[in-house]
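# Topology and contacts: notes
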Amino acid sequence: QVAEDPTFVQMFLEEARLAATLNHPNIAHVYDVGEVDGQHFFTTEFVHGQDVRSIRHEMKKRTEPVPLAVALAIVHGTASALDHAHDKRGSDGKLLGLVHRDVSASNIMVSYDGAVKLLDFGIARVMSTTHKTQVGTLKGKIPYMSPEQCKGLPIDRRSDLFSLGVVLFELTVGRRPFRGDSDFAIMDQIVYQGAPTPSSLMAGDPPDLEAIVMKYLAREAKARY
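Treat the numbers as computed from the prediction; the structure is a model and nothing was measured.

On to the overall build of the chain, then. In terms of regular secondary structure, the chain is built from 8 helices and 5 strands. Listing the helices and strands of the chain from first to last along the sequence gives α-β-β-β-α-α-β-β-α-α-α-α-α. Relative to a compact globule of 225 residues, whose C-alpha radius of gyration would be 17 Å, the chain shows 18 Å and is just as compact. Here the C-alpha coordinates of the chain stretch approximately 55 × 40 × 35 Å along the principal axes. Split into buried and exposed, the 225 residues of the chain put 44% on the buried side. Considering only residue pairs separated by 6 or more positions, the chain has 61% of its internal contacts joining residues 24 or more positions apart. Surface summary for the chain: the accessible area is close to 11,900 Å², and the carbon and sulfur share equals 53%. Positive and negative side-chain charges of the chain, numbering 25 and 28 respectively, have mean locations separated by a distance of 5 Å.

Written out as structure tokens, the structure is:
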């Protein structure tokens with residue numbers, strides 16, 4: 001039904017065209033944006049592989065941790081993708097202010113030849129804006145949201161880094177930092193309690209890595225990278 005809303009369609013096309021300007025090896029490329037017989041579309045690169053959520057679940061079934069080198073390579077590739085997008089400038093030389101808004105394990109792919117690709121740049125903001133406008137509720141993957149995103153405040157690149165910190169935590173610790181019986185309980189932890197330290201949940205976590213994880217997951221945006 002949102003395809004009938006001209007405001008949504010305009011935003012969809014603008015965001016997709018912005019996404020098409022992102023050219024980075026760790027971002028799934030948008031090839032084309034347009035309209036056929038009244039149907040709007042954008043086409044993206046097909047990544048032949050598995051998303052990080054599936055990889056983690058498979059390792060959990062095997063009762064094995066994700067190898068640390070693999071976890072760090074995934075997060076490094078995603079951070080590189082975000083850095084490229086966050087620093088993207090328009091033809092006037094000004095920052096575009098791109099924020100993904102939905103960095104999560106299911107939006108990061110690892111191809112069978114080892115490439116790390118961040119998906120869905122250009123659609124996350126459109127979907128979240130439209131859902132909030134239409135039904136007045138917060139939509140998204142709650143366990144990955146930053147405190148400011150949970151509170152419905154303006155967000156910038158540091159919100160994406162908080163979400164990436166959640167991915168880094170779950171890949172290296174083996175569980176998400178924020179868990180609860182309801183979305184409200186999870187959001188309460190994110191906003192008011194903060195993340196537990198990895199070393200409080202598992203022995204042998206490298207102190208340098210814990211410092212990085214906790215800086216990503218700082219409740220105050222100004223305390224993050």
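Next, the rest of the story.
The final tally for this structure, using the stated rule, is 4 aromatic pairs. Judged by centre distance (5.5 Å) and plane angle (45°), the rings of Phe-12 and Phe-42 are tilted. Of this pair, Phe-12 sits in helix H1 (residues 6–20) while Phe-42 sits in strand S2 (residues 39–44), and the two are 30 residues apart along the sequence. Under the relative-accessibility criterion, Phe-42 is labelled partly exposed at 22%. Linked through ring pairs, Phe-8, Phe-12 and Phe-42 together constitute an aromatic cluster. Positioned over the ring face of Tyr-225 is Lys-215, at 5.2 Å from the centre of the ring.

Take the sheet that holds strand S5 (residues 116–118) next. The sheet built from 3 strands is open, its strands ordered S3-S4-S5 with antiparallel pairing. With one partner strand each, in any of the chains shown, strand S3 (49–51) and S5 form the two edges of the open sheet. Neighbour to neighbour, the strand axes of the sheet diverge by 25° on average, direction disregarded. Two strands pair when backbone bridges link them, and strand S4 (residues 108–111) and S5 are joined in this way by 3 bridges, in the antiparallel orientation. Across the sheet, residue Met-109 finds its bridge partner in S5, namely Lys-117. Where helix H2 (residues 52–61) meets the sheet, its contacts fall on S3 and S4, and the angle it forms with S3 comes to roughly 85°.

So, about the packing of helix H6 (residues 157–173) against helix H8 (residues 207–216). It is at 8 Å that the axes of H6 and H8 come closest, and there the two elements cross at 140°. Here the hand of the crossing between H6 and H8 comes out left-handed. Counting all contacts with H6, which are made through Leu-161, Phe-162, Leu-164, Gly-165, Leu-168, Phe-169 and Thr-172, the residues of H8 involved are Leu-209, Ile-212, Val-213 and Tyr-216. Among the residues making up the contact of H6 with H8, the classes are represented as 9 nonpolar, 2 polar and no charged.

Cut-offs and rules
- Residues numbered from 1 in each chain as written.
- Predicted model: local features only at pLDDT ≥ 70, side-chain atom pairs only at ≥ 80, totals over all residues.
- Heavy atoms only, no water.
- Helix = DSSP H or I, 4+ residues; strand = E, 2+ residues; numbered from the N terminus.
- Rg over C-alpha atoms; globule rule 2.2 N^0.38 Å.
- Buried < 20%, exposed > 50% of the residue type's maximum accessible area, 1.4 Å probe, protein only.
- Contact = heavy atoms within 4.5 Å.
- Areas by Shrake-Rupley, 256 points an atom, 1.4 Å probe, with all protein chains shown as cover.
- Lys, Arg positive; Asp, Glu negative; His and termini not counted.
- Charge placed at Lys NZ, Arg CZ, Asp CG, Glu CD.
- Phe/Tyr/Trp six-rings, centres within 6.5 Å; stacked < 30°, edge-to-face > 60°.
- Lys NZ or Arg CZ within 6 Å of the ring centre and 35° of its normal.
- Pairing = 2+ DSSP bridges.
- Axes fitted to C-alpha atoms, helices over the stretch in contact; angles between N-to-C directions.
- Left-handed = near helix turned anticlockwise from the far one by under 90°.
- Nonpolar A, V, L, I, M, F, W, Y, C, P; charged D, E, K, R; others polar.

Any functional reading would require information beyond the geometric quantities listed.
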